[in-house]
2 protein chains.
Amino acid sequence: MNGLDATAPEEARRDRKRRRTRDALIDAALELFEAKGYEHTAVHEITDAVDVAERTFFRYFASKEDVALHFVRREIDDFTTALAARPQQECAGVAVRRAFRTSLERLLADSYEINGEPRSLVVVRLIDSTPALLAASLRYTHENSDQAVRVLADREGVDPETDRRPWLLITIYAAVLVLVHREWRVVGRADTDELVGVFDAYADEIGPTVSGDWSTTPQATKRSEAHGLHGAARASRDPDPPTR
Amino acid sequence: MNGLDATAPEEARRDRKRRRTRDALIDAALELFEAKGYEHTAVHEITDAVDVAERTFFRYFASKEDVALHFVRREIDDFTTALAARPQQECAGVAVRRAFRTSLERLLADSYEINGEPRSLVVVRLIDSTPALLAASLRYTHENSDQAVRVLADREGVDPETDRRPWLLITIYAAVLVLVHREWRVVGRADTDELVGVFDAYADEIGPTVSGDWSTTPQATKRSEAHGLHGAARASRDPDPPTR
DNA sequence: TGCATTTAGTCATACTCTGTCATTATACTG
DNA sequence: CAGTATAATGACAGAGTATGACTAAATGCA
């Protein structure tokens, strides 16, 4: 774009300053949210704590939700990165499962604390217990699954427009992650082994069907030949017997 | 609560009036949303169309989102009802699958039209294309899965506090429904056969693993002896080999 | 008819978020 | 060093959603 000679260090300095402001806003916001609750914290209270104008907050974050979703975003980005980095020989199901586990582990590895509690736990609890944040986080996950689906489809050499399997696989594991967060909140600790265990328990439950190797086996089709899944819609079509 | 003798007709009349106002607000809202988009429709425009005060709107609906989510709520309630009505001898997976299909069919059966298009399609498209509504609808689904889980767990005689299978099953099918809505929007029609076919295709893909018959297996839960669930759980806890 | 309860309307207000313009800090140029 | 461009911030105004408090009217009941 531009020369990285003389101007670069200065730009870096400005970046650092921006980052400081940004981090300060995040920290102040989380502490206030934790102390008073998300809904009962006004944006001007956050900006007062950092001593910037309220308008500045909205220059750093698109919304009040946005600042709390910072970590959700990171977790999802981590997942996509991890998925792209899985070795090619792994079949889709295993790669997705391992990538999700990696992102969960990375989230748990965050060692910062807020009021003596791991920040990850504080954030998960905050999101889970605040309707507006829960909604925003589910939406964010949903919207970004497209990207993960593309990565997965690329990797497996299938077309996400016509093949439903990548959508299903990503969606299922995203849902599992929500369930893990739920249990995490109940557990009330950020014990990596324990929570990865919970994740594995769910993943084991899903079993081999969805996780099968797409490239070779017509796995999805235990009861017919159609593996293209478009055709797979057909035969199953079990007529719904009357409810009673 | 009270006598249903003399007062009943009056109460009924008041109820009808309330319902008329409410329905008028919903209709006006959907038409405006469809015409100008959700975000570009102000609440006072809706209330102007029905000729009530803006404040009145918020007496009928908790929020602007709420009025658009009316149909999502109905779909979810339909599901829970349908699940409770499934015959006992069906195994969990089949019952859940059929109940979801029933609620989908019922949604599709809505024959009202808005601007010559089926209302169900209009609403699905509206929700899917409006971030705020998408978020709210995902949240609503999430929050109400608790109830469905309880119904399912009751039915199967398992404890939802310790058994993860009902959570997983409900969550997976809820996610599938979102995927169906997605394709529905792409299809651009409200063709029952076609969309039920899409649902079945996803459901077939999930296969028997999660849908297994629980009645024979003891409640799994503690991963100590992760026996059960279909033996698929086998050698869980696979150590994650290095990414590269 | 008189009294209580419920429902709707009015007014006031808090909060989120956006647009705009002035002000300051910082970087580059001669 | 002065002068200028650019980016960041502040200050202010305003729209829109949502809530609380109070008032007026309708309704149910004595």
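The preceding data block contains the structure.
Rules used throughout
Residues numbered from 1 in each chain as written. Chains lettered and ligands numbered in written order. Predicted model: local features only at pLDDT ≥ 70, side-chain atom pairs only at ≥ 80, totals over all residues. Heavy atoms only, no water. Helix = DSSP H or I, 4+ residues; strand = E, 2+ residues; numbered from the N terminus. Expected span 1.5 Å × (residues − 1). Buried < 20%, exposed > 50% of the residue type's maximum accessible area, 1.4 Å probe, protein only. Axes fitted to C-alpha atoms, helices over the stretch in contact; angles between N-to-C directions. Parallel < 35°, antiparallel > 145°, perpendicular 65-115°, else oblique. Left-handed = near helix turned anticlockwise from the far one by under 90°. Contact = heavy atoms within 4.5 Å. Nonpolar A, V, L, I, M, F, W, Y, C, P; charged D, E, K, R; others polar. Phe/Tyr/Trp six-rings, centres within 6.5 Å; stacked < 30°, edge-to-face > 60°. Lys NZ or Arg CZ within 6 Å of the ring centre and 35° of its normal.

Moving on: helix 9 (residues 165-187) of chain A. Taking 1.5 Å of rise per residue, the 23 residues of helix 9 of chain A would be expected to cover 33 Å, and the 33 Å separating its terminal C-alpha atoms lies within 8% of that figure. Counting buried positions along helix 9 of chain A yields 18 of 23 residues, so the element is predominantly enclosed.

This paragraph deals with the packing of helix 9 of chain A against helix 10 (residues 192-206) of chain A. Axis angle and axis distance: for two packed helices, these are the angle between their axes and the distance between the axes, and together they describe the pair. All names here are of chain A. At a closest axis distance of 10 Å, the pairing of helix 9 and helix 10 adopts a crossing angle of 140°. By the angle class used here, helix 9 and helix 10 are oblique. You can see that helix 9 and helix 10 cross each other, and the crossing is right-handed. Every residue of helix 10 that contacts helix 9 at Ile 172, Tyr 173, Val 176, Leu 177, Leu 179, Val 180, Glu 183, Trp 184 and Val 187 is listed here: Glu 194, Leu 195, Val 198, Phe 199, Tyr 202, Ala 203 and Ile 206. Each residue belonging to the contact of helix 9 with helix 10 can be placed in one class, and the counts come to 14 nonpolar, no polar and two charged.

Moving on, we come to the environment of A:Ile46. All names here are of chain A. With respect to the helices and strands, Ile 46 occurs in helix 2 (residues 43-50). Exposure remark for Ile 46: the relative accessible area of 0% places this residue in the buried category. Distance in space between the C-alpha atoms of Ile 46 and Phe 57 is 8.4 Å, their sequence separation being 11 residues. When sequence neighbours within four positions are dropped, the list of residues in contact with Ile 46 reads Leu 25, Ala 28, Ala 29, Leu 32, Phe 33, Thr 41 and Phe 57.

Summed over the entire model, instances satisfying the criterion amount to 12 aromatic pairs over all chains. Ring centres of A:Phe57 and A:Phe61 lie 5.3 Å apart, and the angle between their planes is 40°; this geometry places the pair in the tilted category. Since its relative accessible area comes to 0%, A:Phe57 is described here as buried. Relative to A:Phe100, the ring of A:Phe79 has its centre 3.9 Å away and its plane inclined at 25°; by these criteria the two rings are stacked. Here A:Phe100 lies in helix 6 (residues 92-109) and A:Phe79 lies in helix 5 (residues 70-85), a separation of 21 residues in the sequence. The pair formed by A:Phe79 and A:Phe100 is uniform in burial state, with each residue classed as buried. Every member of this aromatic cluster is reached through a ring pair, and the members are A:Phe79, A:Phe100, A:Tyr173 and A:Phe199. Taking NZ or CZ as reference, A:Arg164 lies 5.4 Å from the ring centre of B:Tyr202, over its face.

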